[in-house]
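Structure at a glance
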Amino acid sequence: MTIDGWFIAGAIIGLASTITCAVAAVMKKKPNDITLVALAAVELFILAYAAASVVRLANGGHIAGQPWEFWGYIATAAALPVGGFYWAMMERTFWSNYVMGAVGVTVVVMMARMAQIWYGISTPA
Amino acid sequence: MKNTPSTPADDVVPSRTTGAGRLLITVYGVFAISASARAGYQIATQFSDAPVAYLLSAFAAIVYIAATISLAKPGHKWAVAATAAICIELLGVLVVGVLSLLDAKAFPHATVWSMFGQGYGYVPLVLPLIGLWWLYRHRAAASR
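Fair warning: this is a prediction, and the values are worked out from it, not measured in the lab.

**Brief notes about the overall build of chain B**
- Along its length, chain B carries six helices and zero strands.
- Sequence-ordered secondary structure for chain B, helices as α and strands as β, is α-α-α-α-α-α.
- Out of the 144 residues in chain B, the part that is buried amounts to 35%.

Take a look at the structure:
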């Protein structure tokens, strides 16, 4: 797969979000402003990535794979932080931070797949 | 005041769906979504390539959905359902894992369980073990 700036930025934000939430969880802290911001950062990044993808396509960009598969990943990735937030907030314990931490790393995996769809892959998975 | 020795301990036994259970349900939920999306995509676009592998993908997706829902629901019956779903999941990842090792040609198209879930960081292999351990830990709480 081709590694572009979007994937690198997504990997940094997603992993930083996961690490932040995991550290808070290990310290037995309940979700606080810091971990909520970490989760919100993932959501904002996906929204920015979606907007930028629209702009790139409008400027003559091209998705190598199936466009609806790409947008399916975008929609799912955008829904994950929201779902994780509600699921975590239904019961506020330090475990909620682990739940929120699971979102970041999942989005990183999805970013890798989205990069494959956008640029195409030389060897089929 | 009547004092039954078991009562205080009963009250502190956490339910299956709280604490670490929520994280377990989260991970199952992520697998349910990704397995369903993958199976749906495979069947919609390239079903004729490998119908068996893609039907297996769909079966895996259904098992993950069943496990997620039954883990999230309180009560003894749902615990039994979750145990059944996770046993099927464990059996699936072991059988498909062994088959994909022995006869790679029969499984040229990856499913979530191929090579014991290698493509998913072996999480599909570890997840049912953790799930069964979690259910075993909470068997007393579940039976009430």
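**With respect to the overall build of chain A**
- Each helix and strand in chain A was counted, giving four helices and zero strands.
- On C-alpha atoms alone, chain A measures out to a radius of gyration of 15 Å, which is about the 14 Å that the 2.2 N^0.38 rule sets for 125 residues.
- Contacts in chain A between residues far apart in sequence, at least 24 positions, make up 83% of those at least 6 positions apart.

**Observations regarding the nonpolar core**
- The biggest cluster of nonpolar side chains holds 56 residues, and the ones touching the most others in it are A:Val99, A:Val107, B:Tyr28, B:Ala35, B:Ala60, B:Tyr64 and B:Ala67.
- When residues of this core are traced back to their parent elements, those giving at least two are α1 (5-26), α2 (33-58), α3 (67-89) and α4 (94-119) of chain A together with α2 (20-46), α3 (51-72) and α4 (76-102) of chain B.
- Of the residues forming this core, the biggest block, 13 residues, is contributed by α4(A).
- Not counting residues up to four positions away in its chain, the partners in contact with B:Ala67 are B:Tyr28, B:Ala82, B:Ala85, B:Ile86, B:Glu89 and B:Gly131.

**Quick notes on α1(A)**
Residue and element names in this part refer to chain A.
- Over its 22 residues, α1 extends 31 Å from the first C-alpha to the last, a length consistent with the 32 Å expected when each residue adds 1.5 Å.
- Packing partners of the buried residues in α1 comprise α2 and α4.
- Among the residues trailing α1, Lys28 stands out with phi positive, at a value near 60°.

**Structural notes on the environment of B:Tyr54**
All names here are of chain B.
- Tracing the sequence through the fold places Tyr54 in helix α3.
- Exposure remark for Tyr54: the 23 C-beta atoms within 10 Å place this residue in the buried category.
- For the pair formed by Tyr54 and Pro124, sequence separation is 70 residues and the distance between their alpha carbons is 17 Å.

**Points about the interface of chain B and chain A**
- Taken residue by residue, the interface counts 12 residues in chain B and 12 residues in chain A.
- A per-class count over the side of chain B that touches chain A returns eight nonpolar, three polar and one charged.

**Focus on the packing of α2(B) against helix α5 (residues 123-137) of chain B**
Residues and elements named next belong to chain B.
- One can describe the packing of α2 onto α5 by two numbers: an axis separation of 11 Å at closest approach and a directional angle of 145°. By crossing handedness, the relation of α2 to α5 is classed as left-handed. Packed against α2, whose contacting residues are Gly21, Leu24 and Val27, the element α5 presents Leu127, Ile130, Gly131 and Trp134 at the interface.
- Per-class residue counts for the contact of α2 with α5 are five nonpolar, two polar and no charged.

**Regarding the environment of A:Ala77**
All names here are of chain A.
- As for its placement among the helices and strands, Ala77 is situated in helix α3.
- Sequence separation of Ala77 and Val108 is 31 residues, and the distance between their C-alpha atoms is 9.4 Å.
- In this view, Ala77 contacts Ile46, Val107 and Met110; residues no more than four positions away in its chain are not counted.

**Details of unusual backbone geometry**
Residue and element names in this part refer to chain B.
- Residues other than glycine seldom take positive phi values, yet Met115 does so here, at roughly 50°.
- With respect to the helices, strands and loops of the structure, Met115 is situated in the loop between α4 and α5.
- A positive phi angle is found at Tyr122, which is not glycine, with a value near 60°.

**A few points about α4(A)**
- End to end, α4(A) covers 39 Å across 26 residues, agreeing with the expected 38 Å (1.5 Å per residue, within 8%).
- A:Gly120 sits one or two residues past α4(A) and shows a positive phi near 85°.

**Side note on the confidence of the model for chain B**
Residue and element names in this part refer to chain B.
- When pLDDT is averaged across chain B, the result is 83; 84% of the residues are at 70 or more.
- For chain B, per-element mean pLDDT is lowest for helix α1 (residues 6-12), which scores 43, and highest for α5, which scores 94.
- Counting interchain partners and residues more than four positions distant, the pLDDT-below-50 stretch residues 1-12 has zero contacts.
- This prediction of the complex comes with two scores: 0.84 for pTM and 0.83 for ipTM.

Quick notes on the rules
Residues numbered from 1 in each chain as written. Chains lettered and ligands numbered in written order. Predicted model: local features only at pLDDT ≥ 70, side-chain atom pairs only at ≥ 80, totals over all residues. Helix = DSSP H or I, 4+ residues; strand = E, 2+ residues; numbered from the N terminus. Buried ≥ 20, exposed ≤ 12 C-beta atoms within 10 Å, placed from the backbone. Rg over C-alpha atoms; globule rule 2.2 N^0.38 Å. Contact = placed C-beta atoms within 7 Å. Core = buried A, V, L, I, M, F, W, Y, C linked by C-beta atoms within 7 Å. Expected span 1.5 Å × (residues − 1). Nonpolar A, V, L, I, M, F, W, Y, C, P; charged D, E, K, R; others polar. Axes fitted to C-alpha atoms, helices over the stretch in contact; angles between N-to-C directions. Left-handed = near helix turned anticlockwise from the far one by under 90°. pLDDT = per-residue confidence, 0-100.

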